[in-house]
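Structural characterization, general
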Amino acid sequence: MARVMLSKICKKFGDIEVVKDFSMEIADREFCILVGPSGCGKTTTLRMVAGLEEITSGDVYIGDRKVNDLPPKDRDIAMVFQNYALYPHMTVYDNMGFGLKLRGYSKNEIDSRVKEAAEILNIQHLLERKPKQLSGGQRQRVAVGRAIVRKPKVFLFDEPLSNLDAKLRVQMRAELKKLHERLQSTIIYVTHDQTEAMTMGDKICIMKDGAIQQVDGPLKLYDNPRNKFVAGFVGSPPMNFVEAEVVKRDESIFLNEGTFEIKLPEGFRERIVRHIGQRVLLGIRPEDMYDKLFYTLGHKDGNVISATVDVVEPLGSEIFLHLNTGKNTIVCKVDAHNQAKSNQLMELVINLNKIHIFDIATGESIV
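Residues numbered from 1 in each chain as written. Predicted model: local features only at pLDDT ≥ 70, side-chain atom pairs only at ≥ 80, totals over all residues. Heavy atoms only, no water.

1. Focus on the sheet that holds strand β5 (residues 65-66)
Picture the strands of a sheet paired through backbone hydrogen bonds; they go either parallel or antiparallel. We count it as follows: A pair of strands is considered paired only if DSSP assigns at least 2 bridges between the two. The helix count covers DSSP runs of H or I at least four residues long, the strand count covers runs of E at least two residues long, and both are numbered beginning at the N terminus. Any pair of residues with heavy atoms lying within 4.5 Å of one another is described as a contacting pair. Lines are fitted to the C-alpha atoms to define the axes, a helix being fitted only along its stretch in contact, and any angle between axes, read from their N-to-C directions, falls within 0 to 180 degrees.
In space, the four strands of this open sheet follow the order β2-β1-β4-β5, with antiparallel pairing throughout. The strands lining the two open edges of the sheet, one partner per strand, are β2 (16-26) and β5. Here strand β1 (residues 4-13) runs beside strand β4 (residues 57-62); their pairing, made up of five bridges, is antiparallel. Note on β4: the bridge partner recorded for Val4 is Ile62. Each of β1, β2 and β4 touches helix α1 (residues 42-50); the most contacted strand, β1, lies at about 115° to it.

2. So, the environment of Lys151
Threshold: Only protein chains enter the calculation, and the probe is 1.4 Å; a residue is then buried if its accessible area is under 20% of its type maximum, exposed if over 50%, and partly exposed in between.
Within the secondary structure, Lys151 is located in the loop between α4 (136-148) and β7 (154-158). Judged by relative accessible area, which is 49%, Lys151 ranks as partly exposed. Between the C-alpha atom of Lys151 and that of Ile77, which follows or precedes it by 74 residues, the distance is 8.5 Å. For Lys151, the residues in contact, after removing those within four places along its chain, are Asp76, Arg113 and Glu116.

3. Details of helix α2 (residues 92-102)
Buried residues of α2: Val92, Tyr93, Asn95, Met96, Gly97, Gly99 and Leu100, and no others. Those residues of α2 that are buried lie in contact with α3 (107-121) and α4. Gly104 occupies a position one or two residues after α2 and carries a positive phi of about 85°.

4. Brief notes about the environment of Val144
Within the fold, Val144 resides in helix α4. For the pair Val144 and Met96, spaced 48 residues apart in sequence, the C-alpha separation works out to 8.9 Å. In this structure, Val144 is in contact with Val80, Leu121, Phe157, Leu176 and Leu179, ignoring residues within four places of it in sequence.

5. A short note on empty space enclosed by the protein
What counts, and what does not: Points on a 1 Å grid over protein atoms alone make up a cavity when a 1.4 Å probe fits among them but cannot get out, and a pocket when they form an open set with protein on both sides within 12 Å along at least five of seven lines; lining residues each have an atom within 4 Å of a point. Grid points are joined across faces, edges and corners, and a volume is the space filled by probe spheres set on the points.
Following the criterion strictly, the structure yields one cavity of 30 Å³ or more and no others. The computed volume of the largest cavity comes to approximately 40 Å³. Considering the residues around the largest cavity, the lining is formed by Asn240, Val242, Phe260, Ile284, Met289, Ile305 and Ile330.

6. A word on the side chain of Gln194
Note that Gln194 resides in helix α6 (residues 194-200). With near-sequence residues (within four places) excluded, Gln194 lies in contact with Val35, Phe233, Val234, Gly235 and Ser236.

7. Observations concerning the pairing of β2
For a regular strand, side chains alternate in direction, first toward one face of the sheet and then toward the other. Direction of pairing for β1 relative to β2: antiparallel, over a ladder of seven bridges. What sits directly across from Phe13, in β2, is Ile16. Counting the residues in the hairpin turn of β1 and β2 gives two residues, including Gly14, whose phi is positive at 70°.

8. Examining the nonpolar core
Selection criterion: Among buried residues, the Ala, Val, Leu, Ile, Met, Phe, Trp, Tyr and Cys ones that are joined through side-chain atoms within 4.5 Å form a nonpolar core.
Of all hydrophobic cores here, the largest spans 45 residues; its most connected members are Ile33, Met96, Val144, Phe157, Leu176, Tyr189 and Ile206. In terms of residue count, the dominant contributor to this core is α3 (six residues). Not counting residues within four places of it along the chain, the set of residues in contact with Leu176 comprises Phe31, Gln140, Val144, Phe157, Leu161, Tyr189 and Met200. By size, the runner-up hydrophobic cluster in this structure holds 31 residues, among which are Val246, Met289, Leu321 and Val334.

The values are spatial; any link to function lies outside them.
As structure tokens, then:
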């Protein structure tokens with residue numbers, strides 16, 4: 001396998017710059033996810049690595065080779081597409097072996113590689129079927145198998161699970177993760193689904209408008225988002241954001257939302273003190289607020305807020321409560337046995353060690 005390095009990659013279509021100054025290194029055997037909303041440039045970036053899209057400026061290295069001018073077939077990569085791109089008139093066996101046949105491999109080598117990949121993916125019994133006789137999940141396995149037989153340096157996946165139903169997507173996420181561990185391969189994987197990214201990636205690159213917002217491991221992205229976009233993109237339901245004024249009173253610092261006020265821990269002082277008198281953006285994840293009636297760990301003065309329940313969303317293992325503070329709407333995640341009802345006034349305890357504060361103008365993290 002091999003590392004992949006992208007150095008100051010740019011891509012323009014006419015005057016429109018869809019990928020901007022993109023620099024990142026994917027280590028050997030790393031599972032790297034490119035994630036972001038539709039149109040953020042993630043698939044274009046992947047296609048530039050594959051050689052399917054010409055680079056406007058910058059360099060791509062696979063292993064120690066600069067591959068800017070190499071055609072896709074010479075880059076030693078294998079790509080799995082969103083629509084699987086299987087040949088409908090060929091059997092599964094022929095679909096998986098066709099690329100090897102074009103490259104002049106012997107029949108024995110093709111047979112050995114196809115059967116080995118089929119065993120890894122548990123599709124030995126499907127080798128004589130044609131794509132129209134397969135389910136979506138089976139077609140996806142065949143597409144992955146066609147990549148595996150190549151034994152490439154790098155696997156590229158372009159939203160391979162987006163055509164599957166929700167239950168099968170969960171199953172295939174686990175199977176692809178196991179496959180990566182078994183093959184010890186370098187993988188670059190594109191998705192718009194943050195849950196997919198968080199559950200599968202060793203390294204996650206979050207993109208917006210063609211630019212990198214943050215590159216980190218899943219837990220670091222969740223616990224320490226660099227800006228408001230990353231904070232709101234990672235997590236389900238997304239983080240709550242409310243504007244508040246930074247107020248100093250009796251040597252303590254508070255965030256005043258207008259209908260509630262919370263006292264900040266002493267550790268926040270150094271980075272927030274220069275914002276006294278200014279408005280900032282307070283970020284609170286739904287799981288970092290607790291119904292005071294069920295909160296047994298105690299709480300400090302100033303971290304309890306009141307809000308009225310607007311909507312109750314039971315999900316079996318948990319409940320999402322949509323609440324109104326009188327000025328803002330927030331979402332809180334509570335235990336499945338919570339008895340909250342619409343129009344009920346609730347007191348919520350905020351975990352002050354888990355709050356985030358962002359600059360309103362730039363969106364960058366302050367704390």
